[in-house]
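Coordinates in review
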Amino acid sequence: MAFNVIGKTIMKSLFGKPATAMYPIIKNEFYPNTRGNIENAIEQCNFCGLCSRRCPTGAIEVSKPKRKWEIDRTRCIVCNFCVHVCAKKSLSTQRHYTAPMTDKAKRIYTLYGEAEKKDA
Ligand code: SF4
Ligand code: SF4
């Protein structure tokens, strides 16, 4: 009996599909209920800072004078509080492919430039 179980497990391991994906060589598909990543349509943002004050993990920093909005993705738990409190509806969760992170960098959005990264 035990031999059958072990034999099945061995055969499954040898000939079954791998349990892990070859990410990022093979891009992961999001599951239907996955929330994805927070993105900011920066041209709609008025840099009020409400999202930053409501974020439970302190992942968002906003500078109104510099017109800068930044998020530390390693701290974000995708709770969506920031999306719900944003009166300008500039925040959303997007389920598109994101490249793997090789360092602790923040994703920075500025009103007058492209999104950039900086060391956390
Ligand atoms: S709450 Fe919305 S409008 Fe205010 S800083 Fe955050 S993203 Fe911008
Ligand atoms: S989804 Fe939650 S944890 Fe992530 S930035 Fe928004 S409020 Fe913070």
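Quick caveat, the model's predicted, so the values are computed rather than measured. (Residues numbered from 1 in each chain as written. Chains lettered and ligands numbered in written order. Predicted model: local features only at pLDDT ≥ 70, side-chain atom pairs only at ≥ 80, totals over all residues. Heavy atoms only, no water.)

**Observations regarding the pairing of strand β3 (residues 68–71)**
The sheet contact formed by strand β2 (residues 60–63) and β3 spans 4 bridges and is antiparallel. Residue Ser-63 lies in a different strand from β3, and its bridge partner there is Lys-68. Joining the antiparallel neighbours β2 and β3 is a turn of 4 residues, in which Arg-67 adopts a positive phi near 50 degrees. (Pairing = 2+ DSSP bridges. Helix = DSSP H or I, 4+ residues; strand = E, 2+ residues; numbered from the N terminus.)

**Some details on unusual backbone geometry**
Despite not being glycine, Arg-67 shows a phi value in the positive range, around 50 degrees. Residue position: Arg-67 is located in the loop between β2 and β3. Relative accessible area serves as the criterion here: at 30%, Arg-67 is assigned to the partly exposed category. Phi angles above zero are rare outside glycine, and Lys-89 is one such case at about 55 degrees. Within the fold, Lys-89 resides in the loop between α3 (81–85) and β4 (91–94). With relative accessibility at 62%, the residue Lys-89 sits in the exposed group. (Buried < 20%, exposed > 50% of the residue type's maximum accessible area, 1.4 Å probe, protein only.)

**Thoughts on the site of ligand 1**
Asn-40, Cys-45, Asn-46, Phe-47, Cys-48, Gly-49, Cys-51, Trp-69, Cys-86, Lys-88, Ser-90 and Leu-91 make up every residue found near ligand 1. When grouped by side-chain class, the residues that make up the shell around ligand 1 number 7 nonpolar, 4 polar and 1 charged. (Near = heavy atom within 4 Å. Nonpolar A, V, L, I, M, F, W, Y, C, P; charged D, E, K, R; others polar.)

**Here's the deal with the pairing of strand β1 (residues 37–40)**
Going residue by residue along β1, you find Asn-37 and Glu-39 tucked away on one face and Ile-38 and Asn-40 tucked away on the opposite face as well. With 4 bridges joining them, β1 and β4 adopt antiparallel strand pairing. The residue bridging Glu-39 from the neighbouring strand is Ser-92, located in β4.

**Focus on the pattern of salt bridges**
Scanning the entire structure with this criterion turns up 1 salt bridge. Note that Glu-39 and Arg-73 form a salt bridge whose closest N and O atoms lie 3.6 Å from each other. Of this pair, Glu-39 sits in strand β1 while Arg-73 sits in the loop between β3 and α3, and the two are 34 residues apart along the sequence. Residue classification places Glu-39 among the buried positions, given a relative accessible area of 15%. (Salt bridge = Lys/Arg side-chain N within 4 Å of Asp/Glu carboxyl O.)

**Some remarks on the site of ligand 2**
For ligand 2, the set of nearby residues contains 13 residues, the closest of which are Cys-55, Cys-76, Cys-79, Asn-80 and Cys-82. The residue inventory of the shell around ligand 2, partitioned by class, reads 11 nonpolar, 2 polar and no charged.

**With respect to the confidence of the model for the protein chain**
With 88% of its residues at a pLDDT of 70 or more, the protein chain has an overall mean of 84. Looking over the protein chain, one finds the lowest element-wise mean pLDDT in strand β6 (residues 113–119), namely 52, and the highest in helix α2 (residues 50–54), namely 97. (pLDDT = per-residue confidence, 0-100.)

**Regarding helix α1 (residues 2–15)**
Here α1 contains 14 residues, and its C-alpha end-to-end distance of 20 Å stays within 8% of the 20 Å for a straight helix at 1.5 Å per residue. A small share of α1 lies buried, amounting to 0 of its 14 residues. (Expected span 1.5 Å × (residues − 1).)

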